[in-house]
Amino acid sequence: MSDQIQETQQVEVQQTEAPQTEAPAPKKDNWFLKLWRNKNKRNVFMLACCLVLILLATMVGSLVQTAGWSAKVEDLRNETNKGTIMLTPVDDGEEAVEKPYTVSGSVTSGILYTPKKASAEHPAPAVVFTHGLYNNREMQLQNAIEMVRRGYVVLVIDRGQHGHNYTEDSYMTYGKPMVDAAKYLYNLPYVAKDKIAVSGHSMGGMATTSALTMDGRVTGKRTDANFKAGNNMGIISAGLVQANNPTDNKNIGENVVAVGVVKASSDEFFFSSNLKEETYVPVNKDSVTELNYTNYYLKVKDEYVKQTSEDKFRPNKQYYNLTKTGNSTYYLQSSQAVTFTGRNPAELEDWTTVNGGIYVNGALVAEPNGKKLASVERKGEAIGAVGNSLRVVYEARETHPMNHFSVKTAANVIDFFYNAFGVTEGYRYMAPTNQTWWLKEAFALLGFLGLFGMLFPVLDLLLGTRLFASVKGEVSEAPLLLKKPRKHVTYWLSGILTAWFGAYSLQHAGEWSTLTGFSKLFQASEGYIYANVGTIAFWGICCAAFALVVSGVIWAINRCINVFVYGDDFASYDEHPFDGFKIRSWQNVLKTPLLALLLVGIFYGVVQLLWSWTVVDFRIWTFDIRVFDTVKIVSMLKYVPLFFVFYMISAAMSQNFRVKDLPEWATIAINVFFNVIGIIILLWNQNSYFINTGALIDGANKLFFIACYPIIPCVAIATVVARRMYTRTGNAWLAGLVNALIMTFIACANTSVSGAVSWFYGA
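Now for a description of the structure that goes with this document. Owing to the predicted nature of the structure, the values given are computational and were not obtained by experimental measurement. (Residues numbered from 1 in each chain as written. Predicted model: local features only at pLDDT ≥ 70, side-chain atom pairs only at ≥ 80, totals over all residues. Heavy atoms only, no water.)

Our next topic: the sheet that holds strand β10 (residues 303–306). Spatially, β8-β11-β9-β10 is the arrangement adopted by the four strands of the open sheet, whose pairing is antiparallel. Two strands bound the open sheet, and with one partner strand each, they are β8 (273–282) and β10. Sheet twist, expressed as the mean angle between neighbouring strand axes with direction ignored, is 35 degrees. Of the pairings in the sheet, the one linking strand β9 (residues 297–300) to β10 comprises four bridges and is antiparallel in character. The partner of Leu298 across the bridge, within β10, is Val305. (Pairing = 2+ DSSP bridges. Helix = DSSP H or I, 4+ residues; strand = E, 2+ residues; numbered from the N terminus. Axes fitted to C-alpha atoms, helices over the stretch in contact; angles between N-to-C directions.)

Given below as structure tokens:
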């Protein structure tokens, strides 16, 4: 017994004498985790990251549009200059004597790109670019950037009532701003006076043909009176019409070297054509009705069958017309193309015009070799043309608005000027497909991320101040998961209905706006009216009203079911769809708008600062965050309440479209998807069908649909902004105001204006 006690004591001694193992020291946080846990430091860090993205996008944009900083970029406003040209008037009864005439150049609103190599000793060719209806000067940067890289002096201008140009625009004087801009270039000492061209898209294409007519030295117009008035001076040496019908050759001056046309295979507005033989031409779907379908044909296998009253009207089928009148798809087989290229249709068996082929005096002298344009084999050497004789038609498989966002079209523009003027002195030949403009737009995506991303750290910093602390709020907890299948039905049904109604209402927004009298709010007599913005705002209000109704109905149905199924516990499953509209205090009624104004002011302050420094905008095709004159703010603000209805209700309703335990990023992605997918499908279907068939599904809305492209990024971005701001404030008011202000300014700054200018701004 004593032995057992002794052994036990020895074991206890050994246990007490055993070395003690120390607990591992806690792992120290690295610098990033320490920074992340400090809210203020984290916000400053996130803000710095956003600013880096913005600066990177700006620097790349500047690098691209200055051809590696080898060119100077200037924002011109109301600039004028004067010079002299020696001309010989030909007046009946007077001896022809060469005399000096004043060349008065002017630019109301333009961006001038000047290669640093251009000098009085080595003058460079130059070109004036202008835009189409509802666009602005920046929409021609694709072409400007590529021509600057090739040594051209480039001037892109705003047309009247567009961009920063507030002068009236008239069909009678369409060409005058381009002629005045060409004269401005003529007076610059570093511009080659015999190599000045003009080019414009759509409405700007019409201006191009008008400028060629106004400026051309044609028989009977080379008079002393015309020269003194600044007309028919022969300043312009070449013209390239983009997405519009070219002018009659007889109205083009003898001083012009070359005239070309760049067109889409499926142009919504121009290039109607006369064909040699009757052809089955597809008819726009919305133009065929049950009252007139017997005038057309249906394609059955490989045959076209004339419809009779015994046949059933099929609205979803493509109908055809047997005719000699074709649409834009048939332009290269038309008499119009033959005549433009200097040939006589009556003398030809085949009316085919070679796409990209160079015609001089009606003879085909060069043409593309496969995918290589005509200038490639000659390495950009100019084609010698005598007087007004070089003609070319380029066609790309695109639609009308795609011409100014297209590598193919940009290559055609480059090819034209190589054929007309050759390689600029001091520059090497660069293939037309060697392009960099798209890099600027690709990096603009980083700019978008930075600009909208910086709103959140700035907001967090402001919410940390005493002034705005009361605006900060908590998000209500998501409801418990409903049981299948009701969980899926209620969750996905609202998303599907939202997507469907967004597309359906977009097709009918114009007629609904007129039917309800809403369009009368924006009459031209009431001052600056921004084209299409009112209709898009009305569409947003329709979508917002629909979302309220759908959310209310689904909530009411679920509430009734929950009361029946869960009894007293029904409140745990209630979705509370209207919580986003709650206002916690009257002080926030004042503080929330003030906070929104601060955020928007900082947002556009950064945009304005970088523009004044680098003349770089943030653009991807038609979606552009660009500067605007402060004088426009008054007229822009009248649209804000209308957009606020949409963005406020959208922000409030999107908070309901969430499920407990679903990651926030997934919830945001699902919200974005349903908010834009209907519009994407609608516009994609319209354009792909048109390109593939040559007929439009909805020809009545063809112009309005073009104006709707920016809706997709606007709604997608606003959805993300709304979700993230809601998590910080616990309501949708701030997000609704911020989105309404920013998206209204974007919409108004990127379209044309109309109405009595003096109503807001004085005569």
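Take the packing of helix α17 (residues 640–654) against helix α21 (residues 733–749) next. It is at 8 Å that the axes of α17 and α21 come closest, and there the two elements cross at 135 degrees. Here α17 lies oblique to α21, going by the angle between them. At the point where α17 passes α21, the crossing takes the right-handed sense. In this structure, α17 contributes Val640, Phe643, Phe644, Tyr647, Met648 and Ala651 to the contact, and α21 contributes Trp733, Ala735, Gly736, Leu737, Asn739, Ala740, Leu741, Met743 and Thr744. In terms of residue class, the contact of α17 with α21 is built from twelve nonpolar, three polar and no charged. (Parallel < 35°, antiparallel > 145°, perpendicular 65-115°, else oblique. Left-handed = near helix turned anticlockwise from the far one by under 90°. Contact = heavy atoms within 4.5 Å. Nonpolar A, V, L, I, M, F, W, Y, C, P; charged D, E, K, R; others polar.)

With a phi close to 55 degrees, Asn78 is a non-glycine residue in the positive phi region. Note on Asn78: relative accessible area 60%, which makes it exposed. Of note, the phi angle at Tyr134 is positive, near 70 degrees, even though the residue is not glycine. Examined against the element boundaries, Tyr134 turns out to sit in the loop between β3 (124–130) and α4 (141–149). (Buried < 20%, exposed > 50% of the residue type's maximum accessible area, 1.4 Å probe, protein only.)

Take the state of the cysteines next. Evaluation of the coordinates by the stated rule reveals zero disulfides. Looking at the unpaired Cys50, the closest cysteine sulfur is the one in Cys49, lying at 6.9 Å. The exposure class assigned to Cys50 is buried, which follows from its relative accessible area of 8%. Free of any disulfide, Cys543 has its nearest neighbouring cysteine sulfur in Cys542, separated by 6.9 Å. (Disulfide = S-S within 2.5 Å.)

In this model, helix α14 (residues 533–566) (34 residues) spans 48 Å end to end at C-alpha, consistent with the 50 Å of a helix rising 1.5 Å per residue. Phi turns positive, to about 65 degrees, at Gly567, one or two residues after α14. (Expected span 1.5 Å × (residues − 1).)

Under the defined criterion, the tally for this structure stands at 38 aromatic pairs. For the pair Phe271 and Tyr331, a centre-to-centre distance of 5.0 Å together with 70 degrees between the ring planes defines the contact as edge-to-face. With a gap of 60 residues between them, Phe271 in the loop between β7 (258–266) and β8 and Tyr331 in the loop between β11 (319–326) and α8 (335–340) connect regions that are remote in the sequence. What makes Tyr331 buried here is its relative accessible area of 2%. Between Tyr604 and Phe628, the aromatic rings sit 5.3 Å apart at their centres with planes inclined by 70 degrees, giving edge-to-face as the arrangement. Placement of the pair is Tyr604 in helix α15 (residues 586–614) and Phe628 in the loop between β17 (623–625) and α16 (633–637), with a sequence separation of 24 residues. Each residue in the set Phe129, Tyr152, Phe416, Phe417 and Phe421 is aromatic and connected to the rest through ring pairs, giving one cluster. (Phe/Tyr/Trp six-rings, centres within 6.5 Å; stacked < 30°, edge-to-face > 60°.)

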